[in-house]
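Examination of the molecular architecture
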Amino acid sequence: MFHKEGTPSILLGTIFTSVVLLLADNFITSSWLKMAIQIAALLLLITILQFFRNPKRSVILNENQIIAPVDGKVVVIEEVYEGEYFKENRLQVSIFMSPINVHVTRYAMSGVIKFSKYHPGKFLVAWHPKASEENERTTVVIENKNFGEILYRQIAGALARRIVNYAEQGMQVVQGTDAGFIKFGSRVDLFLPLGTPINVVLNQKAIGGKTIIATTK
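Residues numbered from 1 in each chain as written. Predicted model: local features only at pLDDT ≥ 70, side-chain atom pairs only at ≥ 80, totals over all residues. Heavy atoms only, no water.

1. Quick look at the sheet that holds strand β8 (residues 163-165)
- Taking strand neighbours across the sheet as the criterion, the three strands line up as β4-β10-β8 in an open arrangement whose pairing is antiparallel. Since the sheet does not close on itself, it has two edges, and those belong to β4 (104-106) and β8, each with one partner. Between one strand axis and the next, the sheet turns through 20° on average, direction left out of account.
- Of the pairings in the sheet, the one linking β8 to strand β10 (residues 178-182) comprises three bridges and is antiparallel in character. Residue pairing for β10: Asn 165 is matched across the bridge by Gly 180. (Pairing = 2+ DSSP bridges. Helix = DSSP H or I, 4+ residues; strand = E, 2+ residues; numbered from the N terminus. Axes fitted to C-alpha atoms, helices over the stretch in contact; angles between N-to-C directions.)

2. Things to note about the nonpolar core
- The biggest cluster of nonpolar side chains holds 30 residues, and the ones touching the most others in it are Ile 66, Ile 142, Ile 150, Tyr 152, Leu 190 and Ile 213.
- Among the elements that line this core, the one with the most residues is strand β3 (residues 88-97), at four residues.
- Every residue in contact with Ile 150, bar those within four places of it in the chain, is listed here: Ile 66, Phe 86, Ala 108, Met 109, Val 140, Val 141, Ile 142, Leu 190, Phe 191, Leu 192 and Pro 193.
- Among the nonpolar cores identified, the runner-up in size contains eight residues, and Ile 10, Ile 48, Val 104 and Val 164 belong to it. (Core = buried A, V, L, I, M, F, W, Y, C linked by side-chain atoms within 4.5 Å. Buried < 20%, exposed > 50% of the residue type's maximum accessible area, 1.4 Å probe, protein only. Contact = heavy atoms within 4.5 Å.)

3. Here we look at the pattern of salt bridges
- If you walk through the whole model with that rule in mind, you get seven salt bridges.
- Ionic pairing is found between Asp 71 and Arg 57, a salt bridge with its closest N-O pair at 2.7 Å. Of this pair, Asp 71 sits in the loop between β1 (65-67) and β2 (72-82) while Arg 57 sits in the loop between α2 (31-51) and β1, and the two are 14 residues apart along the sequence.
- For Glu 84, the salt bridge identified is with Arg 153, shortest N-O distance 3.0 Å. With Glu 84 in the loop between β2 and β3 and Arg 153 in strand β7 (residues 148-156), this residue pair connects regions lying 69 residues apart in the sequence.
- Its relative accessible area of 4% is what places Arg 153 among the buried residues.
- Salt bridges sharing partners connect three or more residues here, namely Glu 82, Glu 84 and Arg 153. (Salt bridge = Lys/Arg side-chain N within 4 Å of Asp/Glu carboxyl O.)

4. Some words on the environment of Val 74
- Mapped onto the secondary structure, Val 74 falls in strand β2.
- Distance from Val 74 to Arg 187, taken between C-alpha atoms, is 9.7 Å for residues 113 residues apart in sequence.

5. So, the UniProt feature "modified residue: Pyruvic acid (Ser)" (unreviewed entry) in the protein chain
- UniProt feature "modified residue: Pyruvic acid (Ser)" (unreviewed entry): in the numbering of this structure it lies at Ser 186.
- With relative accessibility at 0%, the residue Ser 186 sits in the buried group. (UniProt positions renumbered as here; feature names shortened; annotations may be inferred.)

6. Re helix α1 (residues 7-27)
- Along its 21 residues, α1 runs 30 Å from first to last C-alpha, staying within 8% of the 30 Å computed at 1.5 Å per residue.
- Every buried residue of α1 is listed here: Ile 10, Gly 13, Thr 17, Val 20 and Ala 24. Down the axis of α1, the buried side of the element spans an arc of 100°, and every buried residue falls inside it. When the buried face of α1 is taken as reference, the exposed residues oriented beyond 90 degrees from it are Leu 11, Leu 12, Leu 22, Asn 26 and Phe 27.
- As for α1, its buried residues are in contact with α2. (Expected span 1.5 Å × (residues − 1). Arc of directions from axis to C-beta.)

7. A short note on the packing of aromatic side chains
- Across all of its chains, the model carries five aromatic pairs by this definition.
- Aromatic side chains Tyr 85 and Phe 115 sit 5.2 Å apart centroid to centroid with 45° between the ring planes, which places their arrangement in the tilted category. Taken as a pair, Tyr 85 in the loop between β2 and β3 and Phe 115 in strand β5 (residues 111-119) lie far apart in primary sequence, 30 residues in all.
- We classify Tyr 85 as partly exposed; its relative accessible area is 25%.
- Here the guanidinium or amino end of Arg 90 rests over the ring plane of Phe 86, the centre of that ring lying 3.7 Å away. (Phe/Tyr/Trp six-rings, centres within 6.5 Å; stacked < 30°, edge-to-face > 60°. Lys NZ or Arg CZ within 6 Å of the ring centre and 35° of its normal.)

Below, the structure written as structure tokens:
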């Protein structure tokens, strides 16, 4: 299945590929050049389809666990000062998504949306230390009885130009369900209470909706 945010891109990609295949077949006489152009057009369409894929994953709901909100690699586990919402130190876990990863964002836990805000910004590479504060991003806070408040931040990368965020203040959300989408390479930061037991290590591959990031004390 494909994510609904990819519908315009998939439609345009399909039309473009069809036109290129037709024109190449009718107007290019060199067989090798015709084949090269047609293969390139098909590869472009496959790339678009691959990027917007939305695999269905069964999530076992657990209020004592924080699950990975996205697919990617764990690149940060450290105590930092979170200055937008908490204004105090928090435990940050960051997952970097390359262009080949699934880019669907999922809710890391069930609860109530307490805060949701979009910030326009720069497009530094997603692993840049200042990307969390200066890049285009959204900040969302979810609260439940076991963890209290946790914050996640969708951060655009150097290629990304659009972040989709479905979270609205006051919504009741369910762990593992669709929270949005980030186009092209990007990152998601989680900010958890200090002392939260972490279940992942640096450079570990995370699977959105599956990998357990943290548990309650």
